[in-house]
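Descriptive structure summary
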Amino acid sequence: MKMHISKTPLLAAILLSLTGCQDDAKVEQTQQPKSLTLAMVPPQASDIKAGEELDTGQLPPLNTSREDVSFVRALSGEYQAQLPDKTASASSDEYWLMVTGAELNQGLELPLTQGSSVIRLAPRWDKSSGAPTAPKSIAPDAVQLSSAAGKTENKRLIRRAVDSESLASAGMDDDSSALLLSSDIKPGLYRLQVAAALTATDNYLVNVKEKGSAYRLKLSTPSSLEANTHLELELALENDKTLGSPRLASARLQQASGKQTPLQLSQSGNGWRLQSEQLPMPSSNAGFSELVVDIETQVDNTLVRRTVKTAFKQFYPSARLAPEIKVGWQNGLPSALNFTLELAQSGRFGVSAILTGTDAQGREIAILQSETAAWLTQEQNSLQLPLNLELIQNSGLKPPYGVRAVELKDMGQMARLSYRDKALS
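This is a predicted model, so every value here is computed, not measured.

1. Side note on the overall build of the chain
Helix and strand content of the chain: five helices and 26 strands. Counting every position in the chain, which comprises 425 residues, the buried fraction comes to 42%. Sequence-distant contacts in the chain: of pairs separated by 6 or more residues, those separated by 24 or more amount to 74%. Roughly 23200 Å² of accessible area belongs to the chain as shown, and the carbon and sulfur atoms make up 49% of that amount.

The following block contains the structure:
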């Protein structure tokens, strides 16, 4: 007996299975990540650009970790550019003198422009012998102040004297003592002298603070400085912006290691410039360098002395970003940003960026910030910034998406190499 099996139900089952497999394949295909390589927006004037030529440098890196680290944090609100400061600025109504015990015993001439100023005397540690030694503190009642011509008595010029113990109780624990001067003091030259015998070679810092003075010295420098580049500065004194023809104008570079390098200042038109073309690089990547400027000048028959300093980071241009970003896509949303770096040598580098979207009113809204850091080599020279799809979906924001605030850091130098506020849209 032959059995007759209907082909129609079997064919239908096979077709149904194939259709199901085909649908699954379509779903799987739509979920597969895609990528698109896009050129970054040209740098803007407010951006920080990496050096034209990369420099290997010779300083040992501070961070040599080989561990890959990345994290994403949610943001909200309309995107507001937070551009890094390209300039370090400071103003000063005071000055400092480093003097010896012998000079204090002999007497110093100090220019004052007003009353109610404060003079502080602080011993400075001596490390020249290898074993640090501290000079003894100066008792304020041993300090004498008189007009340079010797016509004004000490008691009339000093309103109050404060010893080291009183200053230590107020948080200034460097064994310094201080004098608060009379409000009746007139502008002019005064003589400061310590009557008690001091060790001739001991070092002391004399700090004269003229709070609220009309003569503030202002200094501006770049906040960071590439190796082998000239340091541009702006220097001006309030109420005498050209600084006239100072009796004294000098500068020095102080680096974190304690090394000090004298520098020559010269007038250039209505401004000032450093005569040295290049500053020496520090011996370590740790800390900042400081430019310290001293001036002494005559303003309307008043002798003004000021010291001002700014801090900046010296670094070697060790890497830069390629002009294109490879953007990963998944389910119609950006899922990752891949940056390629050009390197001078292997090292640890980090990249961060902010992803934005567009709301119903057309405003650019911040969604998330992503950061990543890794050890890179010439062969493995790319960094991937992950983007959180859930955060993007939950934001409810739509294209166009923007990649903002792209920052490249050399983690070994602890230095910012470049910053681009608007990278992609």
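2. Observations concerning the packing of aromatic side chains
Two numbers describe a pair of aromatic rings. These are the distance of the centres and the angle of the planes. A full pass over the atoms with the stated rule returns zero aromatic pairs. Positioned above the aromatic ring of Trp375 is the side chain of Arg66, whose terminal nitrogen or guanidinium carbon lies 3.6 Å from the ring centre. Looking at Lys309, its charged tip hangs above the ring of Trp96, at a distance of 5.4 Å from the centre.

3. Describing the sheet that holds strand β20 (residues 319-330)
In space, the four strands of this open sheet follow the order β1-β20-β21-β24, with antiparallel pairing throughout. Strands with a single pairing partner mark the edges of an open sheet, and in this sheet they are β1 (34-39) and β24 (382-386). On average, each strand axis in the sheet is inclined to that of its neighbour by 25°, with strand direction left out of account. The sheet contact formed by β20 and strand β21 (residues 333-343) spans nine bridges and is antiparallel. Across the sheet, the residue bridging to Trp329 is Pro334, located in β21.

4. Focus on the pairing of β21
The buried count for β21 comes to eight of eleven residues, which makes it a mostly enclosed element. Hairpin remark: β20 followed by β21, antiparallel, with two residues in the connecting loop; positive phi at Asn331, about 55°. Where β21 lies against β24, five bridges are found, and the strand directions are antiparallel. Bridging across to β24, Phe339 finds its partner in Leu383.

5. Quick word on the layout of surface pockets
As a volume, the largest pocket reaches approximately 610 Å³. Taken together, 21 residues form the lining of the largest pocket, with Met98, Leu205, Arg252, Gln254 and Gln260 sitting closest to its centre. Every element with two or more residues in the lining of the largest pocket is listed here: β4 (94-100), β15 (248-254), β18 (289-299) and β19 (302-315). A class-by-class count of the residues in the lining of the largest pocket yields eight nonpolar, six polar and seven charged.

6. Regarding the side chain of Ser177
Mapped onto the fold, Ser177 is located in strand β9 (residues 177-181). In this view, Ser177 contacts Ile119, Arg120, Leu121, Ile138, Pro140, Val162, Asp163, Ser164 and Leu167; residues no more than four positions away in its chain are not counted.

7. Here's the deal with the side chain of Thr113
Structurally, Thr113 can be placed in the loop between β5 (108-112) and β6 (118-124). Residues in contact with Thr113, not counting those within four places in the same chain, are Pro187, Glu210, Ser213, Tyr215, Thr302, Leu303, Val304 and Arg306.

8. Points about the confidence of the model for the chain
Regions with low pLDDT carry predicted coordinates that are not meant to be interpreted in detail. Residues with a pLDDT of 70 or more make up 88% of the chain, whose mean pLDDT is 87. Low pLDDT (under 50) marks residues 1-30, which in the prediction has one contact with non-local residues, meaning those over four places away or in another chain.

9. Brief notes about the environment of Pro123
Position of Pro123 relative to the elements: it lies in strand β6. Ignoring anything within four residues of it in the chain, the contact list for Pro123 reads Pro135, Lys136, Ser137, Asp174, Asp175, Ser176, Asn203 and Tyr204.

What counts, and where the lines are drawn
- Residues numbered from 1 in each chain as written.
- Predicted model: local features only at pLDDT ≥ 70, side-chain atom pairs only at ≥ 80, totals over all residues.
- Heavy atoms only, no water.
- Helix = DSSP H or I, 4+ residues; strand = E, 2+ residues; numbered from the N terminus.
- Buried < 20%, exposed > 50% of the residue type's maximum accessible area, 1.4 Å probe, protein only.
- Contact = heavy atoms within 4.5 Å.
- Areas by Shrake-Rupley, 256 points an atom, 1.4 Å probe, with all protein chains shown as cover.
- Phe/Tyr/Trp six-rings, centres within 6.5 Å; stacked < 30°, edge-to-face > 60°.
- Lys NZ or Arg CZ within 6 Å of the ring centre and 35° of its normal.
- Pairing = 2+ DSSP bridges.
- Axes fitted to C-alpha atoms, helices over the stretch in contact; angles between N-to-C directions.
- 1 Å grid on protein atoms, 1.4 Å probe; cavity = no way out; pocket = protein on both sides within 12 Å on 5 of 7 lines; lining within 4 Å.
- Points joined across faces, edges and corners; volume = space filled by probe spheres on them.
- Nonpolar A, V, L, I, M, F, W, Y, C, P; charged D, E, K, R; others polar.
- pLDDT = per-residue confidence, 0-100.

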